[in-house]
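# An overview of the molecular structure
Chain by chain, the residues run as shown.
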Amino acid sequence: MLDKAKRLLEPSRRSEVPPFIVMDVMAAAARIEASGGHVIHMEVGQPAAPAPATAIAAAQSALAQGRIGYTECLGIPSLRNRIARHYGDAYGLSLDPARIVVTTGSSGGFILAFLSLFEPGDRVALANPGYPPYRHILTALGCEPVLIETSPQTRWALTGEQLLAAHRKKSLAGVVVASPANPTGTMMNADALSDLIASAEGEGIRVISDEIYHGLDYAFPAVTAASLSERALIINSFSKYFCMTGWRIGWMVVPDNLVRPVERLQQNLAISVPTLSQVAAQAAFDGRAEMEAVKHGYEENRRILTEGLPKAGLDKFLPVDGAFYLYADVSRFSNDSAVFAKQMLEQAHVAATPGVDFDPLHGRDYVRFCYAGSADEMREAVSRIHRWLSR
Ligand SMILES: Cc1ncc(COP(=O)(O)O)c(C=O)c1O
């Protein structure tokens, strides 16, 4: 009897995924602000700017019409066409719109991708450090995330050689790549990405390319895996370049044979993606000039930090290639980046995310700064960190 009652209260084992530590930093920052402190927020990975005006206007006009119904499960056809056209504009690539699947953010895309590609127990390689939900979603779905350590020699990217070495030890079913990457902000060039994809596909390892930070590339243009393989599954989103995090809208480019399986999954899991967000997303493509101005702001922020942080004492960081992250080595100051971040927040009122969120192995040495705020905030952050570290 007791056992049965206990079962009614117990969550499933697969729900036991670790929390996102950045949320704890946000809560601590909110406490400081509630007592009158002014915190510079560099912890959360989201743009400070709103969605393009074109997107907001389209959503307002759709809302004024009244009824917001379901849409086609794979997305409104005109949006899928527009996304396919984007591949022509951005990469000179002709894509069949039938391969585009509109998703609830890229987060919704990961669930569909992992469910349609992998069986429970399948092993999926991930670069370490990396975006934590990759491993947590895989774990929740019964797959095994396999962390492969990256290093400065390869610009903190996975190589084909490393992937094959891991595969020889124990068979891999998939690999997730991201360029630009979170938390490092580093990118893979065309050679590195094609080497990884060729190595993976030669062994039947499925490739998932998270391209959410495409458009936010400063060092060199980002390469889409769609131009290198028709079998790779591409995940993207309106959250970052188009500043639409809260709209929860993204997309995938899937291989032909996955369109129907993904459609069946999405029919059952979501029916369709929020209609208003789809309408806004389509119009967002007309707001590129506004978004390019936002991007130039990030470039300026990047310059302020890459020049200012070394003078403030933080002179070791990874190449700041793309996205809006700078991943700094703080081991000179602390052997625990969580303590470093906590003290920086409490004493300098600058919030950043400790590396342990992204890297269970060496995260204690790193802190991630998000530079998606204003240039004034970046300058103020640099001077606060300078004062704090030289106190
Ligand atoms: C690398 C990466 N992928 C995916 C996501 C999820 O974004 P969304 O679900 O808003 O598209 C994020 C969010 O920070 C990210 O950094």
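Refer to the structure presented above.
Summary of the structure given here.

Scoring rules and cut-offs
Residues numbered from 1 in each chain as written. Predicted model: local features only at pLDDT ≥ 70, side-chain atom pairs only at ≥ 80, totals over all residues. Heavy atoms only, no water. Near = heavy atom within 4 Å. Polar contact = N/O pair within 3.5 Å; in protein donor to acceptor, adjacent residues only side chain to side chain. Areas by Shrake-Rupley, 256 points an atom, 1.4 Å probe, with all protein chains shown as cover. Helix = DSSP H or I, 4+ residues; strand = E, 2+ residues; numbered from the N terminus. Nonpolar A, V, L, I, M, F, W, Y, C, P; charged D, E, K, R; others polar. Salt bridge = Lys/Arg side-chain N within 4 Å of Asp/Glu carboxyl O. Buried < 20%, exposed > 50% of the residue type's maximum accessible area, 1.4 Å probe, protein only. Contact = heavy atoms within 4.5 Å. Core = buried A, V, L, I, M, F, W, Y, C linked by side-chain atoms within 4.5 Å. Pairing = 2+ DSSP bridges.

## Here we look at the site of the ligand
Near the ligand lie 14 residues; those nearest to it are S107, D210, Y213, S239 and K240. Within the contact set of the ligand, an oxygen atom lies 2.5 Å away from a side-chain nitrogen or oxygen of S107. N182 places a polar side-chain atom, nitrogen or oxygen, 2.7 Å from an oxygen atom of the ligand. Protein burial of the ligand: of its 400 Å² of free accessible surface, 92% is covered by the chains. If one sorts the elements of the shell around the ligand by residue count, helix α5 (residues 105-117) sits on top with 4 residues. Classifying every residue of the shell around the ligand by side-chain character gives 5 nonpolar, 6 polar and 3 charged.

## Observations regarding the pattern of salt bridges
One pass over the structure, following the stated rule, counts 15 salt bridges. Residue D89 pairs with R82 through a salt bridge whose shortest N-O separation is 3.9 Å. You can call D89 exposed: its relative accessible area is 55%. Salt-bridge contacts for R379 lead to E300; the nearest nitrogen and oxygen are separated by 4.0 Å. Of this pair, R379 sits in helix α13 (residues 375-389) while E300 sits in helix α11 (residues 288-312), placing them 79 residues apart in sequence. Overall, the relative accessible area of 28% leaves E300 in the partly exposed class.

## A few points about the side chain of Q278
Topologically, Q278 is positioned in helix α10 (residues 275-284). The exposure class of Q278 is buried, given its relative accessible area of 0%. Those residues within four positions of Q278 in sequence are excluded, and the remaining contacts are T71, G75, I76, L79, V102, I249 and V273.

## Re unusual backbone geometry
Cis geometry is found at the peptide bond from N128 to P129, where omega equals 5 degrees. You can see P129 is positioned in the loop between β3 (123-128) and α6 (132-140). Along the chain, N182 connects to P183 via a cis peptide bond; the corresponding omega equals 15 degrees. Within the element layout of this structure, P183 appears in the loop between β5 (174-178) and α8 (190-202).

## A word on the nonpolar core
Grouped together as the largest cluster of nonpolar side chains are 84 residues, with contacts concentrated most on F238 and F369. Among the elements that take part in this core, α11 stands out by supplying 7 residues, more than any other. The contacts of F238, once residues within four sequence positions are left out, are L79, I83, C243, M244, I249, G250, W251, A281, A284 and F285.

## Examining the pairing of strand β7 (residues 233-237)
Where burial is concerned, most of β7 is hidden: 5 out of the 5 residues are buried. Alternating positions in β7 separate into two faces, L233, I235 and S237 on one and I234 and N236 on the other, with burial throughout. Note: strand β6 (residues 206-210) against β7, 3 bridges, orientation parallel. Bridging from a neighbouring strand, S209 pairs with I234 of β7. Bridge count between β7 and strand β8 (residues 250-253): 4 bridges; the pairing is antiparallel. Each bridged residue has a counterpart across the sheet, and for I235 the counterpart in β8 is M252.

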